[in-house]
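Notes for the structure review
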Amino acid sequence: TELSIEQRFVPESCPRAVRPGDFVRYHYLGAFPDGTRFDSSYDRGSTFNVFVGKGQLIAGMDKALVGMCVNERRFVKIPPKLAYGTEGVSGVIPPNAVLHFDVLLIDLWNSEDQVQVQTYFRPEKCPRTVQVSDFVRYHYNGTFLDGTLFDSSHNRMRTYDTYVGIGWLIPGMDQGLLGMCVGEKRIITIPPFLAYGEEGDGKEIPGQASLVFDVALLDLHNPKDGIAIENQHVPESCERRSQAGDFVRYHYNGTLLDGTLFDSSYSRNRTYDTYVGKGYVIAGMDEGLLGVCTGEKRRIIIPPHLGYGEEGRGKIPGSAVLVFDIHVVDFHNPSDSVSITVNYKPSNCTVLSKKGDYLKYHYNASLLDGTLLDSTHSLGKTYNIVLGFGQVVVGMDMGLQDMCVGERRTVVIPPHLGYGEDGVEGEVPGSAVLVFDIELLELVSGLPEGYMFVWNGEVSPNLFEEIDQNHDGEVLLEEFSEYIQAQVDSGKGKLAPGFDFEKIVKNMFTNQDRDGNGKVTAEEFKLKDQEAKEEHDEL
């Protein structure tokens, strides 16, 4: 004769219980005391949806639902006076019938409810939060209030990407995402009137369903954003900053806003080399590399419209904000020439190096960031060259000009005057600016340009006869070589310093052997000034 309620299952967590005026969704089995079933929501495949305490239910059920939690199961016995009384329901429930209901509560909400937000993880650093008109990328699991999963971005292995606050989302999600930080995780509970309402979405979400979204925010930006630059290290000495048109070599780690690494030049053990301000890189990087110093470290944050846009690229998803931590190794401009800084010059500095001089010098060679490449000091011997004859890179030939013995200078050589785009495998990176700290130790003056041998005194009028030792009217290479050697040994003649004796002599002999038969005759033999005079007369 009285209402009987038996709690068959009560969940451990019950943040909210049914009160009069709440709207509930529940499943039930209805039976008579003998077990005969008269109704079931399961058979219809949909919950029973109704307001509690507003007379929309039989009185016994109105009372039995109060105090229930979502996922709670109750067995309810309702006497006739609290059910269908003496009249019953024609063809279904006889008069004065006691009714048994096995009830499982699926959902509850109230028309006064708002979006509920529960943050369960928030990063220590939160420089920016989601605002209206921001574009966000997030992962989510979507469940009903009873925990049933209806959708998940994780299952699709792709974030949900959308604008916030402009009507692209259900109103409750538009509200629930506001104020989030990248990396934050929160649970957003949305009543149906701020979700899909009475009709549901026509697919997975039924009408009048409360929705629970477990959201992890990965990325956010605004279409009005420019790049953001955070200086991490700026060298004390910064004589020059990069400009549009410069060629820059830099290392980088590229990550998404949530810290996911998508690329790194360090992993390839090679810098990224590019022109700046000419569209060779994404627009945000083009801008972010301007104004840097060699050795500078900075973080460049690039919104997608200045990065890889809506489509993304490779490991970079569409509409992703990119974070580049860069370290500038060096830069130069194609118009750069050799830079010379004199660090020490002796007081007696009258003899200056020139083309053809034989030089001995020490050097330390490094990159612009200070990385040591090579050093003659470590080898314990000088580096010896003939200046201006291509025995070193063009920039070094230029940097050693007009130097006196004992002078020390720093020579900075751009790559187009150094080892170019290819560099030297295993030693000098491609497109590298080189820095040489040089000390000139010895200078042997060379011969006038175009000469490999000169006389220190008067030239014998019978020169050919002196060379032709066997007086057969022909001079062979051996005779020629012996004669030149004798003149040098006696001090009567001088060879160009720094060259191989045999190569010089053979070259001189070949110049005299005009018919190429391996012999020089008196008719063929001419001194250099005689050759120049004859050529002049012919002209």
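Since the structure is predicted, the reported quantities are computational estimates derived from the model, not experimental observations.

**A few points about the pairing of strand β8 (residues 135–144)**
- Across the ten residues of β8, nine count as buried, placing the element largely inside the fold.
- Taken together, the four bridges between β8 and strand β10 (residues 160–163) define a ladder with antiparallel strand orientation. Among the inter-strand pairings, V136 is bridged to a residue of β10, identified as T162.
- Both β8 and strand β12 (residues 211–221) contribute to a ladder of ten bridges, which runs antiparallel.

**Regarding the domain arrangement of the protein chain**
- Each assigned domain of the protein chain is listed with its residue range as follows: domain 1 (4–109), domain 2 (116–221), domain 3 (228–332), domain 4 (339–444) and domain 5 (453–532).
- Placing a centre on the C-alpha atoms of domain 1 and another on those of domain 2 gives a separation of 32 Å.
- By the criterion of area lost to domain 2, the three top residues of domain 1 are R25, D107 and W109, representing 54% of everything that side buries.
- In this structure, the connection of domain 1 to domain 2 is made through zero salt bridges.
- At the boundary of domain 1 and domain 2, one finds three residue pairs in polar contact (both at pLDDT 80 or more).
- Of all elements in the fold, only β2 (23–31) and β6 (99–109) reach the threshold of two or more residues within the side of domain 1 that touches domain 2.
- Counting residues per element, the side of domain 1 that touches domain 2 draws most heavily on β6, at four residues.

**Side note on the packing of aromatic side chains**
- For the structure on display, the rule yields 34 aromatic pairs.
- The interplanar angle of 80° and the centroid separation of 4.9 Å between the aromatic rings of F23 and F51 together place this pair among those described as edge-to-face. Of this pair, F23 sits in strand β2 while F51 sits in strand β4 (residues 48–51); the two residues are 28 residues apart in sequence, bridging distant segments of the chain.
- Pairwise contacts between aromatic rings join Y26, Y28, F32, F38, F48 and F101 into one cluster.
- The ring of F75 carries the charged tip of R8 above its face, separated from the ring centre by 4.1 Å.
- The ring of F389 has K355 sitting right over it, with the charged end atom 5.8 Å from the ring centre.

**Looking at the pattern of salt bridges**
- Overall, the coordinates contain 28 salt bridges when judged by the stated rule.
- With a shortest N-O distance of 3.7 Å, E296 and R241 are connected by a salt bridge. Here R241 lies in the loop between β13 (228–233) and β14 (247–256) and E296 lies in the loop between α6 (283–288) and β17 (297–302), a separation of 55 residues in the sequence.
- The exposure class of R241 is partly exposed, given its relative accessible area of 41%.
- The residue E296 makes a salt bridge to R298 at a minimum N-O spacing of 3.1 Å.
- The exposure class assigned to E296 is buried, which follows from its relative accessible area of 1%.

What counts and what doesn't
- Residues numbered from 1 in each chain as written.
- Predicted model: local features only at pLDDT ≥ 70, side-chain atom pairs only at ≥ 80, totals over all residues.
- Heavy atoms only, no water.
- Buried < 20%, exposed > 50% of the residue type's maximum accessible area, 1.4 Å probe, protein only.
- Helix = DSSP H or I, 4+ residues; strand = E, 2+ residues; numbered from the N terminus.
- Pairing = 2+ DSSP bridges.
- Domains from an automatic or database assignment.
- Buried area = accessible area lost by both parts, 1.4 Å probe.
- Salt bridge = Lys/Arg side-chain N within 4 Å of Asp/Glu carboxyl O.
- Polar contact = N/O pair within 3.5 Å; in protein donor to acceptor, adjacent residues only side chain to side chain.
- Phe/Tyr/Trp six-rings, centres within 6.5 Å; stacked < 30°, edge-to-face > 60°.
- Lys NZ or Arg CZ within 6 Å of the ring centre and 35° of its normal.

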